[in-house]
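Listed below are the residues making up each chain.
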Amino acid sequence: MDNSVNLNSDIVSIQNVSFSHGSRKIFDDISLTIQRGKITAVMGPSGTGKTTLLKLIGGQLTPDKGSIEVDKENVHQLKRADLYTLRKRMGMLFQSGALLTDINVYDNIALPLREHTRLSESMIRTLVLMKLHAVGLRGARDLMPNELSGGMARRVALARAIALDPMMIMYDEPFTGQDPISLGTLVKLIKELNNALKLTSIIVSHDVKETASIADYIYVLSGGKIIGQGTPEQIKNSDSEWVQQFMKGDADGPVHFHYPAIDYQNDLFET
Amino acid sequence: MINFFQNLGKVTLSGFSKLGRSTFFLLQVLSGISSVIPRPRLLIAQLYSVGVLSFLIITISGLFVGMVLGLQGFYILSDFGAEEALGVMVASSLVRELGPVVAALLFAGRAGSALTAEIGLMKATEQLSGMEMMAIDPIKRIISPRFLSGFLAMPLLAALFSSIGVIGGHIAGVEMLGVDEGSYWSQMQANLDFQDDIVNGIIKSIVFGFVVSWIALFEGYDAIPTSEGVSRATTRTVVNSAFAILALDFILTALMFGDI
Ligand SMILES: Nc1ncnc2c1ncn2[C@@H]1O[C@H](COP(=O)(O)OP(=O)(O)OP(=O)(O)O)[C@@H](O)[C@H]1O
Ligand SMILES: [Mg+2]
């Protein structure tokens, strides 16, 4: 593959996208780009649509308006077979792990290899063990998904997402539920994977510290809009109140902790 | 009044849209079957689980239904002094009607509801989305093997039900009430027609297996991905399958045996 030509180009380009879940507007005309070879973080409060954004990029949801291109292909105009070919080059780590519950850890990671390659079982074994070793769970290969803790399941899912050596990985909340030791390892792992395999990573997270420590570029989402963007330095020094509130974790400010509701006092004393 | 028409319209529209989705789903499932054949392991695993789920309940129910047929048949036939015909009465009721219908109802309640819950939970826990993002078509990998196994298992389970039922009839009629053993079997062999009884019974159970598997898998796939959505879908599988089985049984019987 000739990577040199478009090394500096954008791998994902989202143009003027609007999207609603039913009557609830999630995105209102947002545009953003993800640079090839970089780690880009998308941050924002819970429920702003970070997961939704990843599903739009992966072609599982279709925007109401606007276009999304991945590797120069318009995701939502591809035929099904072409979309599947494109997806083989995208890894996605689901927030819930999304491991198949009726097969064990080993088979979960072997699944994409068995489906999409003609490798021999012994090659597959080597690859699966390598990926499991990378996430520190080589010893857990015979466990069933329901025997894993939430954090372990997330790491197995990461091993599965990198099984096919994709060009891009989307991490949905990789850090939640990790203890300090595996958290540190995971942060390093994401960084190393990105650099060693020349990947592009998109990290969706609200863990400000960890994400800022490895991201090259950060987008901050809130209320269906991009309210801030820049390198971690720029974000930290941003003069936007919104961004400052989010980075510092203040309960009050332009972003509200509460889902829209009537006045608390009135609500309590209403009969 | 306007509300009534609005609701009527809504129900009709959502009914049609569900019909459309389920037909499209069926076409996808059927075209996915070709990719199951080179991988028999997927199919065997599902046949095993569907078979094991239903084996015990089919056997026990078959035995009791056969015994009841033996008792009731004896009381009616003995009024006419025709107890020797007990064997053929028990066997033809089972092979023509009760085997396919009751086995299908039990299958829907046992295996069908389990299929719906399994697929619905896979959807709710994002396992199906996860597969799509790995570029693996969940219909081909998950749904089609289950469909094929339900479709293949149903005739076998109906045959099992009927065979055990014949033994149950023997226990009640011959061993408990003293019908002549030789005439129980010989009357059955002489009067049961291969085409009319056995083939038609098998056709029925194939049709029921097809419809129940379709309903169960579609309800799971179409379920709202929450615990409540999955539980409702499971109920719908049992209810809709029962209606479908009984209505189709009438239609098939009319076509096969009636002169309609
Ligand atoms: N299937 C759906 N139907 C209707 N609304 C939905 C659906 N999925 C998500 N939503 C709504 O879309 C909004 C964004 O959801 P999303 O899962 O993308 O949030 P998120 O930013 O990933 O949140 P978190 O950080 O908690 O994971 C939420 O307010 C949610 O209520
Ligand atoms: Mg999310």
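The structure displayed is predicted, hence computed values, not measured ones.

Enquirer: Tell me about the coordination of the magnesium ion (ligand 2), residues and numbers included.
Expert: In a perfect tetrahedron of four donors around a metal, the angles come out at 109.5 degrees. In a perfect octahedron of six, they are 90 or 180 degrees. Residues and elements named next belong to chain A. The magnesium ion (ligand 2) binds to the protein through Thr 51 (OG1) and Gln 95 (OE1), with metal-donor distances spanning 1.9 to 2.4 Å. Of this pair, Thr 51 sits in helix 1 (residues 50-57) while Gln 95 sits in the loop between strand 6 (90-93) and helix 3 (105-116); the two residues are 44 residues apart in sequence, bridging distant segments of the chain. What makes Thr 51 partly exposed here is its relative accessible area of 23%.

Enquirer: Requested: an account of the site of ligand 1, with residues and values cited.
Expert: Residues and elements named next belong to chain A. The environment of ligand 1 is made up of 13 residues, and the closest members are Arg 24, Ser 46, Lys 50, Thr 51 and Thr 52. One nitrogen or oxygen atom from the side chain of Arg 24 is found 2.6 Å from an oxygen atom belonging to ligand 1. Within the residue set of the shell around ligand 1, elements represented by two or more residues are strand 2 (24-35) and helix 1. Broken down by element, the residue count for the shell around ligand 1 peaks at three residues, all from helix 1. Classifying every residue of the shell around ligand 1 gives one nonpolar, nine polar and three charged.

Enquirer: Tell me about the packing of aromatic side chains, and name the residues and values.
Expert: A full pass over the atoms with the stated rule returns nine aromatic pairs over all chains. Ring geometry for Tyr 217 of chain A versus Tyr 219 of chain A: centroids 5.3 Å apart, planes at 65°, classification edge-to-face. Considering the side-chain rings of Phe 4 of chain B and Phe 5 of chain B, the 5.4 Å spacing of their centres and the 75° angle between planes classify their relative orientation as edge-to-face. Taken together, the ring pairs in this structure connect Phe 25, Phe 218 and Tyr 221 of chain B into an aromatic cluster.

Enquirer: Before we move on, could you go through the sheet that holds strand 7 (residues 168-172) of chain A and cite the residues and values that matter?
Expert: Residues and elements named next belong to chain A. If you trace the six strands from one edge of the open sheet to the other, you get 6-7-8-3-9-10, paired in mixed fashion. Either end of the sheet is taken by a strand with one partner, and the two such strands are strand 6 and strand 10 (225-230). On average, each strand axis in the sheet is inclined to that of its neighbour by 15°, with strand direction left out of account. Bridge count between strand 9 (residues 217-222) and strand 10: five bridges; the pairing is antiparallel. Bridging from a neighbouring strand, Ser 222 pairs with Lys 225 of strand 10. Strands in contact with helix 9 (residues 241-248) are strand 3 (39-43), strand 9 and strand 10; relative to strand 10, the strand with the most contacts, it is inclined by about 75°.

Enquirer: Tell me about the nonpolar core, and name the residues and values.
Expert: Counting residues in hydrophobic clusters, the biggest one holds 35 residues, and the most contacted among them are Ile 109, Val 128, Leu 158, Tyr 171 and Phe 175 of chain A. Secondary-structure elements contributing two or more residues to this core are helix 3, helix 4 (121-134), helix 5 (150-161), strand 7 and helix 6 (180-196) of chain A. Per-element accounting of this core gives the leading share, six residues, to helix 6 of chain A. Aside from chain neighbours lying at most four places away, what touches Val 128 of chain A is Tyr 106, Ile 109, Ala 110 and Leu 113 of chain A. The next biggest cluster of nonpolar side chains, apart from the first, holds 32 residues, and it includes Phe 27, Val 42 and Leu 53 of chain A together with Met 133 of chain B.

Enquirer: How would you explain the pattern of salt bridges if you had to name every residue and give the values?
Expert: Across all of its chains, the model carries 21 salt bridges over all chains by this definition. In this structure, the salt-bridge partner of Arg 141 of chain B is Glu 115 of chain A, at a minimum N-O distance of 3.2 Å. Remark: Glu 115 of chain A occurs in helix 3 and Arg 141 of chain B occurs in helix 5 (residues 138-176); the pair is interchain, linking two chains. By sharing partners, the salt bridges in this structure join Arg 36, Asp 71, Glu 73 and Arg 89 of chain A into a single network.

Enquirer: Can you lay out the interface of chain B and chain A for me, pointing to particular residues and giving the numbers?
Expert: Contacts between chain B and chain A engage 18 residues on the former and 22 residues on the latter. Across the chain B/chain A interface, buried area totals approximately 1,800 Å², and carbon plus sulfur atoms make up 54% of it. Considering only the surface of chain B that becomes buried against chain A, Glu 126, Met 133 and Met 134 of chain B emerge as the three largest contributors, covering 38% of it. Counting across the interface, chain B meets chain A through five salt bridges. For Asp 137 of chain B, the salt bridge identified is with Arg 80 of chain A, shortest N-O distance 3.0 Å.

Enquirer: Before we move on, could you go through a nonpolar patch on the surface and cite the residues and values that matter?
Expert: Residues and elements named next belong to chain B. Together, Met 1, Phe 4, Phe 5 and Leu 8 make up a nonpolar patch on the protein surface, roughly 490 Å² of accessible area in all. Structurally, Leu 8 can be placed in helix 1 (residues 2-32). When its relative accessible area of 43% is taken as the criterion, Leu 8 is described as partly exposed.

Enquirer: Pulling in residues and values, what's your account of the sheet that holds strand 4 (residues 65-70) of chain A?
Expert: Residue and element names in this part refer to chain A. Sheet architecture is open: four strands sit in the order 2-1-4-5, paired in antiparallel fashion. This sheet does not close on itself; its edge strands, each paired only once, are strand 2 and strand 5 (73-74). Two elements, strand 1 (residues 10-21) and strand 2, share eight bridges in a ladder whose sense is antiparallel. Residue pairing across strands places Val 12 opposite Ile 34, the latter belonging to strand 2. Sitting on the sheet, helix 1 is in contact with strand 1, strand 2 and strand 4, with an inclination near 120° to strand 1.

Enquirer: Can you explain the packing of helix 5 of chain B against helix 7 (residues 194-222) of chain B? Please cite residues and give values.
Expert: Residue and element names in this part refer to chain B. Axis separation between helix 5 and helix 7 bottoms out at 8 Å; the angle between their running directions is 150°. Read as a crossing pair, helix 5 and helix 7 show a hand that is right-handed. For the pair formed by helix 5 and helix 7, the contact residues are Ile 139, Ile 143, Arg 146, Phe 147, Gly 150, Phe 151, Met 154, Pro 155 and Ala 158 on the first element and Ser 205, Ile 206, Phe 208, Gly 209, Phe 210, Ser 213, Trp 214, Leu 217 and Tyr 221 on the second.

Enquirer: I'd like to hear about the confidence of the model for chain A, residue by residue, with values.
Expert: All names here are of chain A. Per-residue pLDDT for chain A has a mean of 86; in total, 95% of the residues score no lower than 70. In the model of chain A, helix 9 stands out as the element of lowest mean pLDDT, 76, in contrast to strand 3, which has the highest, 93. A low-confidence stretch, residues 1-6 stays under pLDDT 50, and its non-local contacts, those more than four residues away or across chains, total one contact.

Enquirer: I'd like to hear about the packing of helix 5 of chain B against helix 6 (residues 181-191) of chain B, residue by residue, with values.
Expert: Residues and elements named next belong to chain B. Interhelical geometry of helix 5 versus helix 6 gives an angle of 145° and a closest axis separation of 10 Å. The hand of the helix 5/helix 6 crossing is right-handed. In this structure, helix 5 contributes Val 166, Gly 169, His 170 and Val 174 to the contact, and helix 6 contributes Glu 181, Tyr 184, Trp 185 and Met 188. A per-class count over the contact of helix 5 with helix 6 returns five nonpolar, two polar and one charged.

Reading the values: the criteria
- Residues numbered from 1 in each chain as written.
- Chains lettered and ligands numbered in written order.
- Predicted model: local features only at pLDDT ≥ 70, side-chain atom pairs only at ≥ 80, totals over all residues.
- Heavy atoms only, no water.
- Donors = N, O, S within 2.8 Å, 3.2 Å for Na, K, Ca; no water.
- Helix = DSSP H or I, 4+ residues; strand = E, 2+ residues; numbered from the N terminus.
- Buried < 20%, exposed > 50% of the residue type's maximum accessible area, 1.4 Å probe, protein only.
- Near = heavy atom within 4 Å.
- Polar contact = N/O pair within 3.5 Å; in protein donor to acceptor, adjacent residues only side chain to side chain.
- Nonpolar A, V, L, I, M, F, W, Y, C, P; charged D, E, K, R; others polar.
- Phe/Tyr/Trp six-rings, centres within 6.5 Å; stacked < 30°, edge-to-face > 60°.
- Pairing = 2+ DSSP bridges.
- Axes fitted to C-alpha atoms, helices over the stretch in contact; angles between N-to-C directions.
- Contact = heavy atoms within 4.5 Å.
- Core = buried A, V, L, I, M, F, W, Y, C linked by side-chain atoms within 4.5 Å.
- Salt bridge = Lys/Arg side-chain N within 4 Å of Asp/Glu carboxyl O.
- Buried area = accessible area lost by both parts, 1.4 Å probe.
- Patch = residues over 30% accessible without salt bridge, like charges linked within 9 Å, V, L, I, M, F, W, Y side chains within 5 Å.
- Areas by Shrake-Rupley, 256 points an atom, 1.4 Å probe, with all protein chains shown as cover.
- Left-handed = near helix turned anticlockwise from the far one by under 90°.
- pLDDT = per-residue confidence, 0-100.

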